Amino acid sequence: MRAIDIIARKRDGEALTREEINWFIDAYTRGSLPDYQASALLMAIFLRGMTREETVNLTVAMAQSGDVLDLSDIIPYSVDKHSSGGVGDKTTLVVLPLVASCGVPVAKMSGRGLGFSGGTIDKLESISGYRVNLTNEEFRQLVRENGIVLTGQSADLAPADGKLYALRDVTATVPCLPLIASSIMSKKIAAGANGIVLDVKVGCGAFMTNLDDARALAQIMVEIGVDAGRDMIAVLSDMNQPLGCAVGNALEMAEAIECLHGDGPEDFREHCLQVAGYMLRLAGQGERWMDAGEVRAYLEQQLDNREGLKVLRKMVVGQGGDARQVDDPSLLPQARIVHAFTAARSGFVQQVAADLIGEASFDLGAGREKKGDPVDLAVGLKVHKKVGDRIEAGQTLVTVYANDEKKVPGCLSRLEEAIEVGDQIVDPLPLFYDTLYG
Ligand code: URA
């Protein structure tokens, strides 16, 4: 086979065969195919699209480009979740221990934050000593012993995606549905999941800013999963305003712990209960967990009885972290400066723009501009109001946690832009827009 023929066929709008896709991915991963030919193919895919069959074949080829985790000797049915990313999304930190507390083992690899979108691994690293680089043997041993493991993604998992994603980033080919869907799903499949709950965020603080695009992405990913033999559920959830209150690494860790105490913001608790419920329904495969009402009642009980919290503590100890910070979150990294951002007028909250809130937190040092940049774990925001809330002049809308006085004014002017207060009564934003089943 020749790369030039494959590029030409895609350029002319033809569908590539499985053999052609496998050949291309294999050659590119091994380094025998240059970036300029891979870039040309990516652009041809961007312009011409891919059929469902091509997208599935691309996903499977990328999943098989490195290690494929097989946990079937430890976990008979592995259930995973994936969020397309947003502001204040610390769901994994609650849902994983909560699901494990129900007797369903979970083994998950998560990512770091980029831009104003946070990453689970950075949030976990606000716990001193918590190890996110585990050997394969440690990973397997922890699942066996504790029924839970949560680490960073191994470099050997879907390496073709790592290389192609870096190339897409510099060739203007990131926003392409088959490429996004195959990138996400290849990592989930390589991580050995039998059932996957996808949380596709919609809104100004998400990758997909409108419902139609988000639905199309969710639909393609569900189809890929089904064709690759996985059980799939996708939820479309709101990301026009932050999820919960806390935005910033240690602040989000603390809010997750609060939720595992049965407390914390109502929207975040509800979001976690829904996602955990779908994970249990997949894990139950139609038996023990089938009744949605029963699942819900059981999860609420586990949260309120702090069963999930006990599992989080066990996970932290297992991965070398300081469990005293779980027992007492005031021991997590703390910012030196605490500043109240108050309402200039009374009225109803019209908007709490998630993207601008994310940028305000980024400005304080909570996020990274490019891979490898350091983050300040202590800084961030607590956003106390939601769209639709009635507020009075002078009330604190946001608490700012900073370590550098010079960064505060920029953050405050972003907050001025992000939060709009007016006279009009507005409805609260929905948490979820839709659910897709595969
Ligand atoms: N996240 C991924 O992992 N891949 C994409 O292409 C986009 C978002």
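Here the structure is shown first, and the text comes after it.
Please read these numbers as outputs of a predicted model, since none were measured by experiment.

Draft legend 1. Up close: the site of the ligand. In the vicinity of the ligand, the contacting residues are Tyr165, Arg168, Ile180, Ser183, Ile184, Lys187 and Phe207. Arg168 is positioned with one of its side-chain polar atoms (N or O) 2.9 Å from an oxygen atom of the ligand. Between the ligand and Ser183 there is a distance of 2.6 Å, counted from a nitrogen atom to a side-chain nitrogen or oxygen. Taken by itself the ligand offers 240 Å² of open surface, and the protein chains cover 83% of this. If one sorts the elements of the shell around the ligand by residue count, helix 9 (residues 177-190) sits on top with four residues. Residue composition of the shell around the ligand, by class: four nonpolar, one polar and two charged.

Draft legend 2. Summary view of the packing of helix 3 (residues 35-48) against helix 8 (residues 159-169). Direction vectors running N to C along helix 3 and helix 8 enclose 75°, while the axes themselves pass 10 Å from each other. As judged from the angle between their axes, helix 3 and helix 8 are roughly perpendicular. Two secondary-structure elements touch here, helix 3 through Asp35, Ala38, Ser39 and Leu42 and helix 8 through Leu164, Leu167 and Arg168. Split into classes, the residues belonging to the contact of helix 3 with helix 8 amount to four nonpolar, one polar and two charged.

Draft legend 3. Quick look at the nonpolar core. Within the largest apolar cluster, 81 residues are counted, with the highest numbers of intra-cluster contacts made by Met279, Leu312, Ile357, Leu381, Val398, Leu415 and Ile419. Per-element accounting of this core gives the leading share, 10 residues, to helix 12 (residues 266-284). Each of two domains, domain 2 (79-329) and domain 3 (334-422), supplies a minimum of three residues to this core. The contact partners of Leu312, leaving out residues within four places of it in the chain, are Leu93, Pro97, Met253, Ile257, Leu260 and Val326. Ranked by size, the runner-up nonpolar core spans 23 residues in total, among them Ile7, Phe24, Leu33 and Leu41.

Draft legend 4. Focus on the sheet that holds strand 1 (residues 79-83). In space, the four strands of this open sheet follow the order 1-4-5-13, with mixed pairing throughout. Only two strands of the sheet have a single neighbouring strand rather than two, namely strand 1 and strand 13 (432-437). For this sheet the average axis-to-axis angle between neighbouring strands, irrespective of direction, equals 15°. The pairing of strand 4 (residues 195-202) with strand 5 (residues 231-238) spans eight bridges and is classified as parallel. From the neighbouring strand, Ile196 faces strand 5, where its bridge partner is Met232. Strands strand 4, strand 5 and strand 13 of the sheet are contacted by helix 10 (residues 211-227), whose axis makes an angle of about 165° with strand 5.

Draft legend 5. Here's a closer look at helix 14 (residues 307-318). With 12 residues, helix 14 extends 17 Å from end C-alpha to end C-alpha; this agrees with the ideal 16 Å at 1.5 Å per step. Regarding helix 14, the residues found buried are Gly308, Leu309, Val311, Leu312, Met315 and Val316. The buried side chains of helix 14 occupy one side of the element, clustering within an arc of 160° when seen end-on. Just downstream of helix 14 lies Gly320, where phi reads positive at about 80°.

Draft legend 6. Spatial organisation of the environment of Leu167. Its place among the elements puts Leu167 in helix 8. By relative accessible area, Leu167 is classed as buried at 7%. Distance from Leu167 to Arg345, taken between C-alpha atoms, is 48 Å for residues 178 residues apart in sequence. Those residues within four positions of Leu167 in sequence are excluded, and the remaining contacts are Tyr28, Asp35, Ala38, Ser39 and Leu42.

Draft legend 7. Structural detail: the packing of aromatic side chains. All told, the structure shown has two aromatic pairs when counted by the stated rule. Considering the side-chain rings of Trp23 and Phe24, the 6.5 Å spacing of their centres and the 70° angle between planes classify their relative orientation as edge-to-face. Judged by centre distance (6.4 Å) and plane angle (75°), the rings of Tyr278 and Tyr437 are edge-to-face. One end of the pair, Tyr278, is in helix 12; the other, Tyr437, is in strand 13, with 159 residues separating them in the sequence. For Tyr278, a relative accessible area of 9% translates into the label buried. When the ring centre of Tyr28 is taken as origin, the NZ or CZ atom of Lys163, which lies over that ring, is 4.5 Å away. Above the face of the Phe348 ring, Arg390 is positioned so that its terminal group lies 5.2 Å from the ring centre.

So, how was this worked out
Residues numbered from 1 in each chain as written. Predicted model: local features only at pLDDT ≥ 70, side-chain atom pairs only at ≥ 80, totals over all residues. Heavy atoms only, no water. Near = heavy atom within 4 Å. Polar contact = N/O pair within 3.5 Å; in protein donor to acceptor, adjacent residues only side chain to side chain. Areas by Shrake-Rupley, 256 points an atom, 1.4 Å probe, with all protein chains shown as cover. Helix = DSSP H or I, 4+ residues; strand = E, 2+ residues; numbered from the N terminus. Nonpolar A, V, L, I, M, F, W, Y, C, P; charged D, E, K, R; others polar. Axes fitted to C-alpha atoms, helices over the stretch in contact; angles between N-to-C directions. Parallel < 35°, antiparallel > 145°, perpendicular 65-115°, else oblique. Contact = heavy atoms within 4.5 Å. Core = buried A, V, L, I, M, F, W, Y, C linked by side-chain atoms within 4.5 Å. Buried < 20%, exposed > 50% of the residue type's maximum accessible area, 1.4 Å probe, protein only. Domains from an automatic or database assignment. Pairing = 2+ DSSP bridges. Expected span 1.5 Å × (residues − 1). Arc of directions from axis to C-beta. Phe/Tyr/Trp six-rings, centres within 6.5 Å; stacked < 30°, edge-to-face > 60°. Lys NZ or Arg CZ within 6 Å of the ring centre and 35° of its normal.

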